[in-house]
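Letter by letter, the chains look like this.
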Amino acid sequence: MTSFFSRTAATRDDWQTPRHIISALGHFDLDPCANNDDPTRCGSTGFTIEQDGLSREWHGRVWLNPPYGGATPAKVWLMKLARHGNGVALVPPRVGARWFHDVVLSTAHAILFLKGRVSFIDPVAQRPARGNNADSILIAYGLENVVAFEKCGLEGRLWRLLP
Ligand SMILES: C[S@@+](CC[C@H](N)C(=O)[O-])C[C@H]1O[C@@H](n2cnc3c(N)ncnc32)[C@H](O)[C@@H]1O
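Right, let's walk through the structure included here. (Residues numbered from 1 in each chain as written. Predicted model: local features only at pLDDT ≥ 70, side-chain atom pairs only at ≥ 80, totals over all residues.)

Taken together, 20 residues are adjacent to the ligand, and Gln16, Cys33, Gly53, Asn65 and Pro67 come closest. The residue makeup of the shell around the ligand, split by class, is eight nonpolar, eight polar and four charged. (Near = placed C-beta within 6 Å. Nonpolar A, V, L, I, M, F, W, Y, C, P; charged D, E, K, R; others polar.)

On to the environment of Leu81, then. Locating Leu81 in the fold gives a position in helix α2 (residues 74–84). Expressed as a C-alpha distance, the spacing of Leu81 and Ala140, which sit 59 residues apart in the sequence, is 9.7 Å. Excluding its chain neighbours within four sequence positions, the residues that come into contact with Leu81 are Val62, Leu64, Gly87, Ala89 and Tyr141. (Helix = DSSP H or I, 4+ residues; strand = E, 2+ residues; numbered from the N terminus. Contact = placed C-beta atoms within 7 Å.)

By the secondary structure assignment, Ala97 is in the loop between β5 (87–91) and α3 (98–105). Counting along the chain gives 28 residues from Ala97 to Gly69, while the straight-line C-alpha distance between them is 16 Å.

Here the focus is helix α4 (residues 143–151). Those residues of α4 not exposed but buried are Asn145, Val146, Ala148 and Phe149. Considered in projection along α4, the buried side chains sweep an arc of 155° and stay on one side of the axis. Buried residues in α4 make contact with α1 (19–25), β5, β6 (110–114), β9 (137–141) and β10 (156–160). Among the residues trailing α4, Gly153 stands out with phi positive, at a value near 80°. (Buried ≥ 20, exposed ≤ 12 C-beta atoms within 10 Å, placed from the backbone. Arc of directions from axis to C-beta.)

All right, on to the nonpolar core then. Within the largest apolar cluster, 34 residues are counted, with the highest numbers of intra-cluster contacts made by Leu64, Val88, Ala89, Ile139 and Ala140. Only α1, β4 (62–64), α2, β5, α3, β6, β9 and α4 provide two or more residues apiece to this core. Per-element accounting of this core gives the leading share, five residues, to β9. If we ignore the near neighbours within four places in the chain, the residues touching Leu64 are Pro32, Cys33, Trp77, Leu81, Gly87, Val88 and Ala89. Counting five residues, the second largest nonpolar core, distinct from the first, contains Trp15, Val118, Phe120 and Ala129. (Core = buried A, V, L, I, M, F, W, Y, C linked by C-beta atoms within 7 Å.)

Of note in this structure, Asp52 is not a glycine but carries a positive phi near 50°. The phi angle at Gln126 is positive, at roughly 55°, despite the residue not being glycine. Inspection of the secondary structure assignment puts Gln126 in the loop between β7 (121–122) and β8 (127–130).

A few words on the packing of α2 against α3. Axis separation between α2 and α3 bottoms out at 10 Å; the angle between their running directions is 15°. Taken as axis vectors, α2 and α3 run roughly parallel relative to one another. Between α2 and α3 lies a crossing whose hand is left-handed. Residues Lys75, Leu78, Met79 and Ala82 of α2 lie in contact with α3, whose contacting residues are Trp99, Val103 and Val104. Looking at the contact of α2 with α3 residue by residue, the classes come out as six nonpolar, no polar and one charged. (Axes fitted to C-alpha atoms, helices over the stretch in contact; angles between N-to-C directions. Parallel < 35°, antiparallel > 145°, perpendicular 65-115°, else oblique. Left-handed = near helix turned anticlockwise from the far one by under 90°.)

Right, here's the structure in full:
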């Protein structure tokens, strides 16, 4: 297994979502921050860093596991998803951060608090990383995605925010 903490500057934004999470949630039309090596791993269309998914027009149901550590804060990606209104984001819960209150608690339809830590996939070794000490939540924007949370079978607690 690869260590979560052995990531290098070249790979630190590249951790992939485990396939079982994507499969449980159903089909996504777009991954706006897709992995270079496998851009359609999470959605039918994938925008890579070269294509800059943030500056593109988004369509359909969006999967968002935003990059961390780059020039653009994750909240900017989430704000775009909130405006788009249809998609699921995978992020750590930063419950004291202003953006979490403004972009998640005030605008999302639901949060699924995942039970247990996610073993993200090293994109080079294609193996789960060990030692992730951060919690993860899934955030639903749009009612279709709340239904997906209800049916997904992922272990955790669903919390509805908007009716
Ligand atoms: C945490 S990884 C998630 C990868 C994939 N979406 C997944 O869930 O498995 C974030 C990805 O965003 C990509 N990325 C960073 N900046 C980007 C940008 N401006 N436009 C599109 N992709 C970007 C990185 O190359 C990296 O592969």
